[in-house]
Structures are given as C-alpha cells and as structure tokens.
Amino acid sequence: MHNLCIDVKNLNKHFGEHHAVKDFSLQVAKGEIYGFLGPNGSGKTTSIRMMCGLITPDSGEGSCLDMDIFTQREEIKRNIGYMTQYFSMWGSLTIRENLLFIARLYSLDQPKARVERALSELGLTSRQHQLAKVLSGGWKQRMALAACMLHEPVLLFLDEPTAGVDPKARREFWQMLHQLSDRGISILVSTHYMDEAERCHKVAYLSYGRLLANGTIPSIIAAQNLITVRTSGAGLTALESQLQRLPEIEQTVIFGNQLYITSTDEAKLKATLFAFTQKGYEFCQVDTNLEDAFTYLMKSDCEKN
Ligand SMILES: Nc1ncnc2c1ncn2[C@@H]1O[C@H](COP(=O)(O)OP(=O)(O)OP(=O)(O)O)[C@@H](O)[C@H]1O
C-alpha cells in the first residue's frame with residue numbers, strides 16, 4: 001500500500017516534430033495540493049492531460065489513482081475531476097439548472113442530492129437561482145468546480161482555474177481548495193500566479209517541456225544556492241543596467257522604489273556591491289523568493305540548451 005495518487009515516470013509527448021513534454025516524472029501524495037508552474041507553452045496542460053488519461057503519452061509509464069495511464073484511461077476519467085479556465089456552461093440557465101443538467105448528462109444517480117451537496121460544499125446555495133451569464137468570474141469558476149465535483153472525484157486536475165479572476169475571489173477559491181484537501185481530496189493545479197504557488201504543499205516547475213524542479217518551496221529555493229540583496233535610492237534603473245552587465249549578477253528586478261539583485265556567488269557579489277556603497281547605496285540581504293528561484297532556473301536552462 002502506498003500513499004501516492006499520481007506516480008508517473010519518463011512521460012514523453014510529441015506533436016508532430018515538436019517534443020512538447022520530455023521525460024516527465026512526478027509523484028503526488030494523496031491529499032496534497034501540488035502546484036504546476038512554467039511559462040506559456042512549457043507543457044503543463046499536456047502533462048496534466050497525460051496524467052489524467054485524456055491523451056496517451058508516446059512513451060513512459062505510470063499510474064493515476066493506482067490505475068495505468070495507458071490501459072485504464074476510461075476508469076481514471078471516471079474517478080478524477082478536470083477543470084480548465086475554458087469550461088462550458090449555459091448562460092441562460094441558473095447555477096442549479098446548470099449543475100442538474102450536467103449531472104443528468106453524465107447519468108449520475110441521485111442528481112438532485114448531488115447538486116444540493118455540491119452547492120452547499122462550494123458555498124453556492126444562496127446563489128443557486130442566479131443565471132450563469134450574470135455571474136462574476138470568481139462565481140463562474142466556483143460553479144465550474146462544483147460541476148467537476150458532482151461525481152465525487154478523489155483527485156482534481158485544475159488547469160489555470162483562476163486565470164483572470166480578481167484577488168478576493170482567488171483567495172476564496174484557494175480557501176475552498178484547502179478545505180477539499182483537508183477532506184483528503186488531492187489536487188494538481190496549474191497557475192501563473194506566484195502567490196498561488198506559495199499556497200501549495202509542493203510545486204513543480206516546467207520549462208520547454210522539461211521538469212526543472214519539484215518539491216517543497218523552501219527546498220526548491222535552497223537548491224538554487226542564490227543570494228539576494230535589496231537596495232533603494234536615486235537612479236535605480238541606471239544602477240540596474242550597470243549591474244546587469246556583470247557576470248556575477250544573475251538577475252535584477254525593481255519593485256516600486258526597491259531594486260533586488262540576485263547572484264550565486266556571495267563573495268563576488270559583496271565585493272562588487274562595495275564599490276556602489278561608495279556612491280551612497282546601502283544593500284541589505286533578503287530572502288530569495290520562489291519567483292527569483294524560477295527565473296534563475298529558466299535562465300540557466302536556456303543557457304544550457
Ligand atoms: N494538440 C496539440 N497539437 C499541437 N501542438 C500542441 C497541442 N497541444 C499542445 N501543443 C503544443 O505543445 C506545447 C505545450 O503546450 P501546453 O498547452 O501543454 O503548454 P502550457 O504550459 O500548458 O501552456 P500555457 O501556460 O500557455 O497554458 C506548446 O508549444 C503547444 O503549442
């Protein structure tokens with residue numbers, strides 16, 4: 001008996017000449033919220049679709065909910081929920097009518113009871129009679145999540161579920177994801193938002209079809225061995241362009257009136273910055289964050305390839 005809901009190894013997928021996913025391996029424990037990040041076109045959706053039985057990998061092996069991703073795709077689909085940002089709904093039906101329609105479309109038993117439960121679990125009961133077309137982005141996403149939970153899946157694949165949704169609605173959506181995870185439901189969720197990545201138990205980062213890092217956020221940040229310092233003052237953009245030319249500087253970024261500088265070489269960085277302290281800048285060391293780590297990973301991967 002193991003506690004994995006996803007266990008895949010060396011999955012590959014080509015679309016014509018394009019090698020979209022390269023030797024992708026991942027293990028997700030039951031009940032975990034696993035974040036999936038990477039630039040546009042890095043292969044997140046393709047990997048998700050291979051793991052949940054929607055498309056067949058060209059090679060590799062693996063299981064989802066202990067079912068083989070090559071030979072038991074139909075069984076997998078019956079036991080998982082899959083939600084994308086582009087879900088279909090009927091605008092002129094209410095939330096409740098939409099859910100009932102879907103429950104009947106999939107011939108689920110006791111459709112009314114299922115709809116009641118989904119409405120209540122996702123905080124939709126008070127809005128059940130609202131037409132879908134008048135709902136804000138956040139409530140539409142919530143309805144979509146309710147729809148993909150009608151058959152009570154134990155594993156959810158959510159592909160950019162909060163794209164374009166406002167911060168308050170995203171926060172509420174994530175509160176729900178944590179409640180589902182507390183109930184033992186496993187969730188694999190792709191996102192471009194760093195604050196959402198930080199809400200996951202673990203994250204995976206893909207670039208150009210390859211998995212560059214995965215694990216807990218502190219472990220991913222620590223593995224890059226980066227040092228980050230912050231400064232403020234006049235002429236930050238000029239300072240930034242001077243620093244960007246130096247080989248010991250990996251990356252720089254300005255947030256408001258503060259410049260963040262990241263390097264892999266602490267001694268060289270300190271020596272370099274000493275010259276700028278003569279010009280009145282003060283530098284203080286800060287924690288390297290996940291975005292710094294991902295940016296560095298992507299840059300080093302581009303340089304290698
Ligand atoms: N059915 C398909 N036919 C041809 N090419 C495809 C197909 N699906 C995906 N691709 C290509 O495979 C690559 C990976 O796409 P994928 O959608 O998996 O990336 P992604 O990381 O999910 O991107 P995004 O963040 O933009 O959603 C892209 O270059 C894409 O154009």
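As a reminder, the structure under discussion sits directly above these lines.
For every chain, the first residue of the written sequence is number 1, and numbering continues from 1 onward in sequence order. Given that the model is predicted, a residue must reach a pLDDT of at least 70 before its local features are reported, and side-chain atom pairs must reach 80 or more before they are shown or counted; all residues, however, enter totals for whole chains, interfaces and linings. As a rule here, side-chain values cover all heavy atoms of the structure and leave hydrogens and water aside.

Asker: Please clarify how the sheet that holds strand β14 (residues 284-286) should be interpreted in this entry.
Answerer: One key point about sheets: their strands pair by backbone hydrogen bonds, in either a parallel or an antiparallel sense. Note on pairing: two strands pair once DSSP finds at least 2 bridges between them. Segments assigned H or I by DSSP are reported as helices when at least four residues long, segments assigned E as strands when at least two residues long, and all are numbered from the N terminus. Spatial ordering of the open sheet is given by β12-β13-β11-β14, a layout of 4 strands whose pairing is antiparallel. One side of each edge strand has no neighbouring strand; the edge strands of this open sheet are β12 (251-255) and β14. Averaged over all pairs of adjacent strands, the angle between strand axes in this sheet comes to 30°, irrespective of strand direction. In this sheet, strand β13 (residues 258-263) lies alongside strand β11 (residues 227-232) in antiparallel orientation, the contact comprising 6 bridges. Bridge pairing in β13 places T228 opposite T262. In what follows, residue pairs with any heavy atoms lying within 4.5 Å of each other are defined as contacts. Convention adopted: a line fitted to C-alpha atoms gives each axis, helices being fitted over their contacting stretch, and angles between N-to-C directions are expressed from 0 to 180 degrees. Of the strands in this sheet, β11, β13 and β14 are in contact with helix α10 (residues 266-277), which crosses β11 at around 15°. The strands touched by helix α11 (residues 290-304) within the sheet are β11, β12 and β13, with β12 carrying the most contacts at an inclination of about 145°.

Asker: In this structure, what is going on with the sheet that holds strand β9 (residues 202-207)? I would like to understand it.
Answerer: Reading across from one edge, β6-β7-β8-β3-β9-β10 is the order of the 6 strands in this open sheet, with mixed pairing throughout. If you trace the sheet from one side to the other, it starts and ends with β6 (80-84) and β10 (210-215), each paired once. Neighbouring strand axes in the sheet, compared pairwise and without regard to direction, differ in orientation by 15° on average. For β9 and β10, the ladder comprises 5 bridges, and the chain directions are antiparallel. Within the sheet, the bridge partner assigned to A204 lies in β10 and is N214. Each of β3 (33-37), β9 and β10 is contacted by α11, which is oriented at about 30° to β9, the strand it contacts most.

Asker: How do you make sense of helix α5 (residues 137-147) when you look at a structure like this?
Answerer: Two residues of an α-helix separated by three or four positions point the same way, owing to the 3.6 residues in each turn. Summarising burial for α5: 9 of the 11 residues are buried, a large majority. Working definition: with a 1.4 Å probe on protein chains only, accessible area under 20% of the residue-type maximum means buried, over 50% means exposed, and in between means partly exposed. Where α5 is concerned, the buried positions are G138, W139, Q141, R142, M143, A144, L145, A146 and A147.

Asker: Hey, could you run me through the packing of α5 against helix α6 (residues 167-182) in this one?
Answerer: Between α5 and α6, the least distance of the axes is 9 Å, while the angle of their chain directions is 20°. Between α5 and α6, the angle is such that the two are roughly parallel. Crossing hand, α5 versus α6: right-handed. On α6, the residues that touch G138, Q141, R142 and L145 of α5 are A169, E172, F173, M176, L177 and L180. Here the term charged refers only to Asp, Glu, Lys and Arg, the term nonpolar to Ala, Val, Leu, Ile, Met, Phe, Trp, Tyr, Cys and Pro, and the term polar to all other amino acids, Gly among them. Partitioning the contact of α5 with α6 into residue classes produces 6 nonpolar, 2 polar and 2 charged. We call two directions roughly parallel when the angle between them is under 35 degrees, roughly antiparallel when it is over 145, roughly perpendicular when it lies between 65 and 115, and oblique otherwise. Left-handed describes a crossing whose near helix is turned anticlockwise from the far helix by less than a right angle; the clockwise case is right-handed.

Asker: Help me understand the layout of surface pockets in this model?
Answerer: If you roll a probe as big as a water molecule over the atoms, it shows you where there is empty space left. Here a cavity denotes grid points, spaced 1 Å and computed from the protein atoms alone, that fit a 1.4 Å probe unable to get out, and a pocket denotes an open set having protein on both sides within 12 Å along at least 5 of 7 lines; residues with an atom within 4 Å of a point are the lining. Grid points are joined across faces, edges and corners, and a volume is the space filled by probe spheres set on the points. One number sums up the size of the largest pocket: a volume of about 700 Å³. Y82, I102, Y106, A147 and C148 are the residues nearest the centre of the largest pocket, which is lined by 23 residues in total. For the lining of the largest pocket, the elements supplying multiple residues, two or more each, are β6, α3 (95-105) and α5. For the lining of the largest pocket, the element with the highest residue contribution is β6, accounting for 5 residues. Of the residues belonging to the lining of the largest pocket, the class tally is 17 nonpolar, 5 polar and 1 charged. Two domains each donate at least three residues to the lining of the largest pocket, and these are domain 1 (4-87 + 148-218) and domain 2 (90-135). An automatic or database domain assignment supplies the residue ranges for each domain.

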